[in-house]
Amino acid sequence: MLFLNPTLAQKTLRDHLVAKRLAQGLTQRGLAIRSGVNLHTLRKFEQEASISLDSFLKILMILGGLQEIVDAVEPHDDNFRSIEEVLKSTESRKTRKRGWRT
């Protein structure tokens, strides 16, 4: 098993999206037109795995997987010590408005 770092994650995401594009029969130009991402930007992403978050999300919106990415980073607090904590957490969940650590 490889240690996942940002560079490896970028390359893996790129590989997955290229495979999805090809499985759907889309050309780079076709994906660029549908997503609104500049063709040069898309080509650079597929070669170097470098892209802005905005462009990445636009590509995901077309190829599929945007909702899964959003769901994957949803915060969860699953470290309960008792059933009371579980019940209390489901009664009223407060969404943090600010961080508390630097």
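Look up a bit, the structure's there.
**Considerations on the overall build of the protein chain**
(1) Moving on: A count of helices and strands for the protein chain gives six helices and zero strands.
(2) Moving on: Taking all 102 residues of the protein chain together, 21% fall into the buried category.
(3) Moving on: When contacts within the protein chain are restricted to residue pairs at least 6 apart in sequence, long-range pairs at least 24 apart make up 48% of them.
(4) Moving on: Counting only carbon and sulfur atoms, one obtains 55% of the accessible surface of the protein chain, whose full area is about 8500 Å².

**A closer look at the nonpolar core**
(1) Moving on: Among the nonpolar cores identified, the biggest contains twelve residues, and these are Leu17, Leu26, Leu31, Ala32, Val37, Leu39, Leu42, Phe45, Phe56, Ile59, Leu60 and Leu63.
(2) Moving on: Put simply, the parts of the chain that give this core at least two residues each are α2 (28-35), α3 (39-48) and α4 (53-63).
(3) Moving on: Ranked by the residues each element gives to this core, the list is headed by α4, at four residues.
(4) Moving on: Setting aside chain neighbours within four positions, we find Val37 in contact with Ala32, Leu42, Ser55, Lys58 and Ile59.

**A word on the side chain of Arg14**
(1) Moving on: For Arg14, the location among the structural elements is in helix α1 (residues 6-23).
(2) Moving on: Dropping the residues within four chain positions of it, Arg14 is found in contact with Phe45, Glu46, Gln47, Glu48 and Ala49.

**Topic: unusual backbone geometry**
Generally, phi is negative for residues other than glycine and the peptide bonds are trans, each holding for most cases.
(1) Moving on: Positive phi outside glycine occurs at Ala49, with the angle close to 65°.
(2) Moving on: Among the secondary structure elements, Ala49 is positioned in the loop between α3 and α4.
(3) Moving on: By relative accessible area, Ala49 is classed as buried at 4%.

**Re the pattern of salt bridges**
(1) Moving on: Enumeration over the complete set of coordinates arrives at three salt bridges.
(2) Moving on: With a closest N to O distance of 2.7 Å, Glu46 and Arg21 form a salt bridge. With Glu46 in helix α3 and Arg21 in helix α1, this pair connects stretches of sequence that are 25 residues apart. As far as burial versus exposure is concerned, Glu46 and Arg21 are alike and both buried.

**With respect to α1**
(1) Moving on: When the terminal C-alpha atoms of α1 are compared, their 26 Å separation across 18 residues agrees well with the 26 Å that a helix rising 1.5 Å per residue should span.
(2) Moving on: Within α1, the full set of buried residues consists of Arg14, Leu17, Val18 and Arg21. End-on view of α1: buried residues confined to an arc of 105°, all on one side of the axis.
(3) Moving on: Of the surrounding secondary structure, the elements contacted by the buried residues of α1 are α2, α3 and α4.
(4) Moving on: Backbone nitrogen of Thr7 and a side-chain oxygen of the N-cap are separated by 3.0 Å at the start of α1; the cap is Asn5.
(5) Moving on: Just downstream of α1 lies Gly25, where phi reads positive at about 75°.

Rules of the game
- Residues numbered from 1 in each chain as written.
- Predicted model: local features only at pLDDT ≥ 70, side-chain atom pairs only at ≥ 80, totals over all residues.
- Heavy atoms only, no water.
- Helix = DSSP H or I, 4+ residues; strand = E, 2+ residues; numbered from the N terminus.
- Buried < 20%, exposed > 50% of the residue type's maximum accessible area, 1.4 Å probe, protein only.
- Contact = heavy atoms within 4.5 Å.
- Areas by Shrake-Rupley, 256 points an atom, 1.4 Å probe, with all protein chains shown as cover.
- Core = buried A, V, L, I, M, F, W, Y, C linked by side-chain atoms within 4.5 Å.
- Salt bridge = Lys/Arg side-chain N within 4 Å of Asp/Glu carboxyl O.
- Expected span 1.5 Å × (residues − 1).
- Arc of directions from axis to C-beta.
- Polar contact = N/O pair within 3.5 Å; in protein donor to acceptor, adjacent residues only side chain to side chain.

Just geometry here; none of it tells us what the structure is for.
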